[in-house]
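Read off the chains here:
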Amino acid sequence: MNTTPDLIRRYFELAGQPDKDDYFALFADDAVVQDEGKTYRGIQEIRAWRADVPLVSYEITDVEETPEGTVVTATITGDFPGSPFAGLRFRFEEYDGGRIRRLRIAP
């Protein structure tokens, strides 16, 4: 979608790629990610979290700007039970032009 901020658009382009170096470069060193009820603090914990996440493809279905940040709704497809999964929300709560600082992922 054309309204998606460049950093967030790049997140979805890189998240489904096997080479993760460019993906990790999107995060601040002290970034926080929340996914499936768990919190990952700092780039090392984020790297460990992603090592356990299967490669998936993302189809952005909605982008909404809220007072808390940018909320992207996507359908993810991959090698996991329940694939494809529609309606997963990625809440980019803190980011600037270059780095993601806080991301919450939840249905």
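Provided above is the structure to which this section pertains.
Notes on the structure in this doc start here. The structure displayed is predicted, hence computed values, not measured ones.

**Some words on the side chain of T70**
No. 1: When you line up the elements, T70 lands in strand β4 (residues 69–78).
No. 2: Take T70: its relative accessible area is 0%, and that puts it in the buried class.
No. 3: At 2.5 Å, the side chain of T70 forms a polar contact with the side chain of Y95.
No. 4: Contacts of T70, omitting those with residues within four sequence positions, involve P5, I8, V63, E64, E65, F90, R91, F92 and Y95.

**Topic: the sheet that holds strand β5 (residues 85–95)**
No. 1: Here 6 strands make up an open sheet; going across it, the order is β2-β1-β6-β5-β4-β3 and the pairing mixed. Each of the sheet's edge strands pairs with one partner strand only, and the pair in question is β2 (38–41) and β3 (56–66). Averaged over all pairs of adjacent strands, the angle between their axes in this sheet comes to 20 degrees, without regard to strand direction.
No. 2: Pairing geometry for β5 and strand β6 (residues 100–106), over 6 bridges, is antiparallel. When the sheet's bridge partners are listed, E94 is paired in β6 with R102.
No. 3: Contacts between helix α1 (residues 6–15) and the sheet are confined to β1 (27–35), β3, β4, β5 and β6, with β5 contributing the most and set at about 130 degrees to the helix.

**Let's talk about the layout of surface pockets**
No. 1: Its volume calculated, the largest pocket comes out at about 590 Å³.
No. 2: Residue lining of the largest pocket: 23 residues in total, with D35, E36, W49, V53 and L88 positioned closest to the centre.
No. 3: Elements that contribute at least two residues to the lining of the largest pocket include exactly β1, β2, α3 (42–51), β3, β5 and β6.
No. 4: Among the residues forming the lining of the largest pocket, the class breakdown is 15 nonpolar, 2 polar and 6 charged.

**Some thoughts on the pairing of β3**
No. 1: The pairing of β3 with β4 spans 10 bridges and is antiparallel. Residue E64 lies in a different strand from β4, and its bridge partner there is V71.
No. 2: Where β3 hands over to β4, the hairpin turn is made up of 2 residues, counted between the paired strands.

Thresholds, definitions, all that
- Residue positions are given per chain, counted from 1 along the sequence in the order it is written.
- This being a predicted model, a pLDDT of at least 70 is required before a residue's local features are given, and a value of 80 or more before pairs of side-chain atoms are given or counted; all residues contribute to the totals for chains, interfaces and linings.
- The basis for every side-chain value is the complete set of non-hydrogen atoms in the structure, without hydrogens or water.
- Labels follow the DSSP assignment, with helices taken as runs of H or I lasting at least four residues and strands as runs of E lasting at least two, numbered in each case from the N terminus.
- When a residue's accessible area, from a 1.4 Å probe over protein chains only, is under 20% of the maximum for its type it is buried; when over 50% it is exposed; and in between it is partly exposed.
- We call two N or O atoms a polar contact when they sit within 3.5 Å, provided that within protein one can donate a hydrogen and the other can accept it, with sequence-adjacent residues counted only if both atoms are side-chain atoms.
- What makes two residues a contact is simply this: any of their non-hydrogen atoms within 4.5 Å.
- Any two strands are treated as partners once DSSP identifies two or more bridges connecting them.
- Every axis in this analysis is a line fitted to C-alpha atoms, fitted for helices over the stretch in contact. Angles between the N-to-C directions lie between 0 and 180 degrees.
- Cavities and pockets were defined on a 1 Å grid built over protein atoms only: a cavity is a set of grid points that admits a 1.4 Å probe from which the probe cannot escape, a pocket is an open set flanked by protein on both sides within 12 Å along at least five of seven lines, and lining residues are those with an atom within 4 Å of any such point.
- Grid points are joined across faces, edges and corners, and a volume is the space filled by probe spheres set on the points.
- Charged means Asp, Glu, Lys or Arg here, nonpolar means Ala, Val, Leu, Ile, Met, Phe, Trp, Tyr, Cys or Pro, and polar covers whatever is left, Gly included.

Everything listed here is a matter of coordinates, which is why it stays silent on function.
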